[in-house]
Amino acid sequence: METLLSGLQLLMNWQILIALLVGSVGGVIIGAIPGVGAAVAIAILLPATYAMPPLVGLTMLLGIYGSSMYGGALPAVLINTPGTAVNALTTYDGYPMTQRGEAKRAVALAYSASFFGGVFAIVCLILLSPALAWIAPQFGSREIFLATLLGIVLVVLAHRGQVFAAGMFAAFGIFLNTVGLDAIKYTHRFTFNLTSLSSGIDLIVVVLGLFALSQAFFLLVADDETPHPQPLHGSMFSGLKELWLYRRVATVSSSFGVMMGMIPGVGEFTAQFLSYTYAQKTSKTPELFGKGSPEGLIASEAANNAVPAAAMIPLLALGIPGEALTAMMLTVFYVHNVIPGPQLFQNDMPFVMALYSALLLLNLIVVVFLMFSTNWLTKIIQLPTRFLGIVIVTLSFVGVYSLRNSVFDCILASLFGVLGLTLKRLNLPIVPIVLGMVLGGIMETKLRSAMARVKTPLDFIDRPIAAILFGIIVLVIVLHIRSMIRDHRNPPAETDHDIHPTQQGG
């Protein structure tokens, strides 16, 4: 309780509160614009956050990360176009409700379920903190290396049907991280005598290229569209009352979101799939799913909004990001010399609690903002797509150039933008490249540190946590191979509402 109060004290700073307000409201607006999404916004803002105090920069990014899914539900319900990739499942039941004249009810339910999922996950986080503070120090270099390796394996295997491509792109990301001067022996690696490559390939250059510029190029080459959603009438607070009728579905779906968020590489889509399946199997009206079921809408939105808070667990406790957005946030920690991991929980628990409190506060800000501004947000949806493309290109190049005042970085970002556009056109995963870069750096550092105390291969797993992690890696790979053999013998029938990991934009 004392650490929670200390965290709240840290948060009560006008700069932090303004950053949280800007991030929360900005995230909703960005999420409501189809074709942009949180990844693009965070990629563009990252260079600016480096100049801010760590808690200010992180709360702004957290605001965008945690609130974009709220905004993304609005176009998903009104025009059958998800604002962010993770709102795709919301279209299954949200848009049919709009078609039968229940748009306000669908939007109100989506907001209420999102709020419940977000708050539920944060409460779980706060309750789990003492356990995390006890477990985190048990992780040494070997354990963190194996946990990171498990993260890479899960990221790759999460892309069902594209495992080879995901593995190849994760390896490409690991390779990109090795370019430049070796941090220990100061030897040049893959620089080809180019001074521009001596300092390595900056993660932000890759992120801005793969996410922001690729999306801008996509919007610029696509047909210009201006959607025209109908305005909504009536109070949005009715959704909070109706959510009580479906509290079981909301609670179970939020629990799935928390569990899946804690596992690196799994994320919102697996949580949504499990929640949606559970809701359909236990519903009294399963035939309504996909045709405008309020339970289906609640399952989707509660699950995906519970994930961001839970994804902070591996990030803060072990320094391992579970997906692209937390990988971007990790760079902000490193820039300010705040190293996530066991030491953070031991030495700076108030900082951790301040981040948790910021997550809780952003959910309150967002739900109040949405209850009174939904009709105004429907105007944002109508922005022409090519105009958005031009804005994103401009902001991306400004962000890239501001990093090191390097034209070479701008050229690199453009190349990664073309690569990202190509991968999107081919429906191939992008996220493994970013996670490969981030996790590859952690793996290399921890492996080199661990090898000083390892004489035989078995020494690597001679401690309980290391042995458990190694066992989980082997088990996950064996289960995947078994699943592949079973699917080869009995090909699964694909339904209209199958969810594919490639929908994640990666």
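Residues numbered from 1 in each chain as written. Predicted model: local features only at pLDDT ≥ 70, side-chain atom pairs only at ≥ 80, totals over all residues. Heavy atoms only, no water.

Chemist: Explain the overall build of the protein chain to me, using residue names and the numbers behind them.
Modeler: Each helix and strand counted, the protein chain has 20 helices and two strands in total. For the protein chain, long-range pairs separated by at least 24 residues make up 80% of all intrachain contacts whose partners lie at least 6 apart in sequence. Looking at the protein chain as shown, the accessible area adds up to about 21,400 Å², and 67% of this sits on carbon and sulfur atoms. (Helix = DSSP H or I, 4+ residues; strand = E, 2+ residues; numbered from the N terminus. Contact = heavy atoms within 4.5 Å. Areas by Shrake-Rupley, 256 points an atom, 1.4 Å probe, with all protein chains shown as cover.)

Chemist: An account of the packing of aromatic side chains is requested, with residue identities and associated values reported.
Modeler: Counting across every chain of the model gives six aromatic pairs. Measuring from ring centre to ring centre gives 6.1 Å for phenylalanine 116 and phenylalanine 120, while their planes differ by 25°; the resulting arrangement is stacked. In this pair, phenylalanine 116 and phenylalanine 120 both sit in helix α6 (residues 103-135), four residues apart, roughly one turn of the helix. Given a relative accessible area of 27%, phenylalanine 116 falls into the partly exposed group. (Phe/Tyr/Trp six-rings, centres within 6.5 Å; stacked < 30°, edge-to-face > 60°. Buried < 20%, exposed > 50% of the residue type's maximum accessible area, 1.4 Å probe, protein only.)

Chemist: Give me empty space enclosed by the protein: which residues, what numbers.
Modeler: Vacant regions in the atomic arrangement are exposed by a probe of water-molecule size rolled over the atoms. Under the defined criterion, the tally for this structure stands at three cavities of 30 Å³ or more. Taken as a whole, the largest cavity holds about 50 Å³ of empty space. Among the elements of the structure, α6, α13 (294-318) and α16 (349-380) are those that each provide at least two residues to the lining of the largest cavity. Here the lining of the largest cavity is composed, by residue class, of five nonpolar, four polar and no charged. (1 Å grid on protein atoms, 1.4 Å probe; cavity = no way out; pocket = protein on both sides within 12 Å on 5 of 7 lines; lining within 4 Å. Points joined across faces, edges and corners; volume = space filled by probe spheres on them. Nonpolar A, V, L, I, M, F, W, Y, C, P; charged D, E, K, R; others polar.)

Chemist: Would you mind going over α16 in detail, with residue names and values included?
Modeler: The end-to-end C-alpha separation of α16 is 39 Å, well short of the 46 Å expected for 32 residues at 1.5 Å each. Most pronounced at serine 373, the bend in α16 amounts to some 75°. (Expected span 1.5 Å × (residues − 1). Bend = angle between axes of the 7 residues up to and from the residue.)

Chemist: Give me the environment of leucine 146: which residues, what numbers.
Modeler: Following the sequence through the fold, leucine 146 ends up in helix α7 (residues 141-157). Through-space distance from the C-alpha of leucine 146 to that of phenylalanine 460 is 9.4 Å; in sequence the pair is 314 residues apart. For leucine 146, the residues in contact, after removing those within four places along its chain, are Phe460, Ile461, Ala466, Leu469 and Ile473.

Chemist: Explain a nonpolar patch on the surface residue by residue, including any values.
Modeler: Residues Leu128, Met259, Met262 and Ile263 make up a contiguous nonpolar surface patch of roughly 290 Å² in combined accessible area. With respect to the helices and strands, the residue leucine 128 is situated in helix α6. A relative accessible area of 32% means that leucine 128 is categorised as partly exposed. (Patch = residues over 30% accessible without salt bridge, like charges linked within 9 Å, V, L, I, M, F, W, Y side chains within 5 Å. Salt bridge = Lys/Arg side-chain N within 4 Å of Asp/Glu carboxyl O.)

Chemist: Residues and numbers for helix α4 (residues 54-79), please.
Modeler: A rise of 1.5 Å per residue sets the reference length of α4, with its 26 residues, at 38 Å; its end C-alpha atoms lie 38 Å apart and thus fit the reference within 8%. Bending of α4 peaks at approximately 35° at the position of serine 67. Burial runs high along α4: 25 of the 26 residues are buried. Note on α4: the residue one or two positions beyond its end, asparagine 80, has a positive phi of about 60°.

Chemist: Please give an account of the side chain of threonine 90 that cites residues and values.
Modeler: Of note, threonine 90 is situated in helix α5 (residues 90-99). Judged by relative accessible area, which is 0%, threonine 90 ranks as buried. In terms of polar contacts, threonine 90 uses its side chain to reach the side chain of serine 300, at 3.2 Å. Ignoring anything within four residues of it in the chain, the contact list for threonine 90 reads Ala76, Val77, Tyr95, Leu297, Ser300 and Glu301. (Polar contact = N/O pair within 3.5 Å; in protein donor to acceptor, adjacent residues only side chain to side chain.)

Chemist: Which residues make up the packing of helix α3 (residues 38-49) against α4, and what are the values?
Modeler: With their axes 10 Å apart at the nearest point, α3 and α4 run at an angle of 175° to one another. Classified by the interaxial angle, the pair formed by α3 and α4 is roughly antiparallel. Between α3 and α4, the residues in contact are Ala38, Ala41, Ile42, Leu45, Leu46 and Thr49 and Gly57, Met60, Leu61, Ile64, Tyr65 and Ser68, respectively. Within the contact of α3 with α4, the residues separate by chemical class into nine nonpolar, three polar and no charged. (Axes fitted to C-alpha atoms, helices over the stretch in contact; angles between N-to-C directions. Parallel < 35°, antiparallel > 145°, perpendicular 65-115°, else oblique.)

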